[in-house]
Amino acid sequence: MKKYTKTLILLSILIIVFYLIFSIKKDNKFIEFNNIENFKPNNLIDKSIQDNYFLYYPSDMRVSQSFILIKQIDNKGNLINSYKIFDDNNINRFNIHPKIEDKENLYLSFYPPSLNNTFYKFDLSNNTFNKINLDYINSNVGVENIKHQGNDILFSTMSEYTKEEEKYNTENFSFKTSISNFTTKQFYDLPYGYTINLQSNLLNFNNNIVCSVIDENNKNALAFLNESGNFKIFTSPEIENEYLYLISCDNDTLYLITENNKFIKLKKDLKYKITEFNKNYPNYLYDSSLLLDENNILVSLVNSDKKSSKNNKTILGILTIKPTIQFTPINTFETSKGSIYKFQYMNKYNNIFIIEDKQNDKGNVIILDYNNNFNIKNKIPILYPHLLDLIVEIKN
């Protein structure tokens, strides 16, 4: 009898344990992973549908999210799976930076940045994150911004790569920062009083690293730094009161845009030509851009309403550099009043990904077909677009 009672109790315990296990699995809405580098979406696609999309919502303590949320959806926005990624490296909000010389990778800048001497690339072939260690640095400088174009990998740091006591100027209360060429393992220090424009590309031009800077008098300029440590500034009364956004360069010319829609071609001898490219839209100002190839730039222009951003109007267009500067609005779809448009990248199929944020926790992933006159290939409804930092498309 006692043996039978013990067996009954044991069976009861096992039944309860199994019930709890299966209840947890059933109620758990997320599949969990440790370390973002271990997340391999190519192995998780639903083969019953043609296109799988993975939406990356990094950790953001402003909304009490301490993990990376990834949503897997189909081309109608229907949820397939949700994933939680826990990572000790603090993968918080980031900007992605594609470059036309390396279409297999995206480069990530985190905000707020950390003093960790690492940066991440996202491999568009394997759809995986890869952490890159800066093994040539012996002090914590941190990667602040890695927005760049060209064959070399360039980034700016949070602090200067010199002795600790030289990083802060007590006379004018300013910090020094550096720019590094990861490819050549070199550093270029900026003098005190200059702040790098983080929305502008870093470029390698005429044996110089070139960046857009703001000086201590809030004047805008371009800074040229070479291997010998020489520092040279270029500015002009015509542009010093406008933010300058470096776009790209070739062997002879730098190309940049100002916030008031001036397109500038700057030669090696620092002679320049300014073209106002949106005379047909005088009340619209430059907002952002995406370099598609050597001759075409996707540009966003915004007519800002001083009373409410929900009344803002946006024009998306293609700015062609050669043979002459020309801005052509994209008329294949109408932008939504009050919406914010965040450019992602163009993939190997020449699909351009854009996040449309309606500023009401709703939005769309808009996919434009570069090969077909920028027609809309798909428009996928999404939630919380303001928290979305990366879209990945995987085809079966």
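Residues numbered from 1 in each chain as written. Predicted model: local features only at pLDDT ≥ 70, side-chain atom pairs only at ≥ 80, totals over all residues. Heavy atoms only, no water.

Here the focus is the pattern of salt bridges. Summed over the entire model, instances satisfying the criterion amount to 10 salt bridges. Here Arg62 makes a salt bridge to Asp60, at a shortest N to O gap of 2.9 Å. Owing to a relative accessible area of 64%, Arg62 belongs among the exposed residues under this scheme. The buried category is assigned to Asp60, whose relative accessible area is 6%. Here Lys322 ties to Asp250 by a salt bridge, and the two come within 3.5 Å at their closest N and O atoms. Pair noted here: Lys322 is in the loop between strand E26 (313-320) and strand E27 (326-329) and Asp250 is in the loop between strand E20 (244-249) and strand E21 (253-258), with a separation of 72 residues, a long-range link. What makes Asp250 partly exposed here is its relative accessible area of 27%. One continuous salt-bridge network, built from bridges that share partners, spans Asp60, Arg62, Arg93, Lys342 and Asp389. (Salt bridge = Lys/Arg side-chain N within 4 Å of Asp/Glu carboxyl O. Buried < 20%, exposed > 50% of the residue type's maximum accessible area, 1.4 Å probe, protein only. Helix = DSSP H or I, 4+ residues; strand = E, 2+ residues; numbered from the N terminus.)

What follows concerns the nonpolar core. In terms of nonpolar packing, the biggest core is built from 38 residues, with Ile36, Phe54, Tyr56, Ile70, Phe122, Phe129 and Leu390 touching the most fellow members. Broken down by element, the residue count for this core peaks at five residues, all from strand E2 (residues 51-57). With sequence-adjacent residues up to four places away left out, Ile70 is seen in contact with Ile36, Phe39, Phe54, Leu55, Tyr56, Asn81, Ser82, Tyr83 and Ile85. Residues Tyr255, Ile257, Phe263 and Ile315 belong to the second largest nonpolar core, which totals 17 residues. (Core = buried A, V, L, I, M, F, W, Y, C linked by side-chain atoms within 4.5 Å. Contact = heavy atoms within 4.5 Å.)

Scanning the model with the defined rule gives 27 aromatic pairs in all. Relative to Tyr272, the ring of Phe234 has its centre 5.6 Å away and its plane inclined at 70°; by these criteria the two rings are edge-to-face. Taken together, the positions of Phe234 in strand E19 (residues 231-234) and Tyr272 in strand E23 (residues 272-276) put the pair 38 residues apart, joining distant regions of the chain. With relative accessibility at 31%, the residue Tyr272 sits in the partly exposed group. Here the aromatic residues Phe33, Phe39, Phe54, Tyr56, Tyr83, Phe94, Phe110, Tyr120, Phe122 and Phe129 are joined through ring pairs into a cluster of three or more. Its end group placed over the ring of Phe30, Lys84 keeps NZ or CZ at 4.7 Å from the ring centre. (Phe/Tyr/Trp six-rings, centres within 6.5 Å; stacked < 30°, edge-to-face > 60°. Lys NZ or Arg CZ within 6 Å of the ring centre and 35° of its normal.)

Let us now look at the side chain of Ser59. Among the secondary structure elements, Ser59 is positioned in the loop between E2 and strand E3 (68-73). Taking relative accessible area as the criterion, Ser59 reaches 8% and is therefore assigned buried. A distance of 2.8 Å separates the side chain of Ser59 from the backbone oxygen of Ile91, its partner in a polar contact. (Polar contact = N/O pair within 3.5 Å; in protein donor to acceptor, adjacent residues only side chain to side chain.)

This part is about empty space enclosed by the protein. Taken as a whole, this structure holds one cavity of 30 Å³ or more when the rule is applied. Taken as a whole, the largest cavity holds about 110 Å³ of empty space. In this structure, the largest cavity is lined by 13 residues; those nearest its centre are Pro98, Lys99, Ile100, Lys103 and Met346. Those elements that provide at least two residues to the lining of the largest cavity are strand E5 (94-99), strand E6 (102-110), strand E24 (285-291) and strand E28 (340-346). Broken down by element, the lining of the largest cavity gets its largest block of residues, four residues, from E6. In the lining of the largest cavity, the residues fall into nine nonpolar, one polar and three charged. (1 Å grid on protein atoms, 1.4 Å probe; cavity = no way out; pocket = protein on both sides within 12 Å on 5 of 7 lines; lining within 4 Å. Points joined across faces, edges and corners; volume = space filled by probe spheres on them. Nonpolar A, V, L, I, M, F, W, Y, C, P; charged D, E, K, R; others polar.)

Roughly 1,100 Å³ of internal volume is contained in the largest pocket. Around the largest pocket, the lining is made up of 48 residues, and of these Asn95, Gln199, Asp287, Ser288 and Lys342 lie nearest the centre. Counting residues per element, the ones that place at least two in the lining of the largest pocket are E5, E6, strand E9 (143-145), E20, E24, strand E25 (296-303), E28 and strand E29 (351-357). In terms of residue count, the dominant contributor to the lining of the largest pocket is E24 (seven residues). Along the lines of polarity and charge, the residues of the lining of the largest pocket split into 21 nonpolar, 20 polar and seven charged.

This part covers the environment of Ser236. Structurally, Ser236 is set in the loop between E19 and E20. Under the relative-accessibility criterion, Ser236 is labelled buried at 4%. For Ser236 and Ala221, which are 15 residues apart along the polypeptide, the C-alpha to C-alpha distance reads 7.8 Å. Side-chain polar atoms of Ser236 contact the side chain of Tyr272, separated by 2.9 Å.

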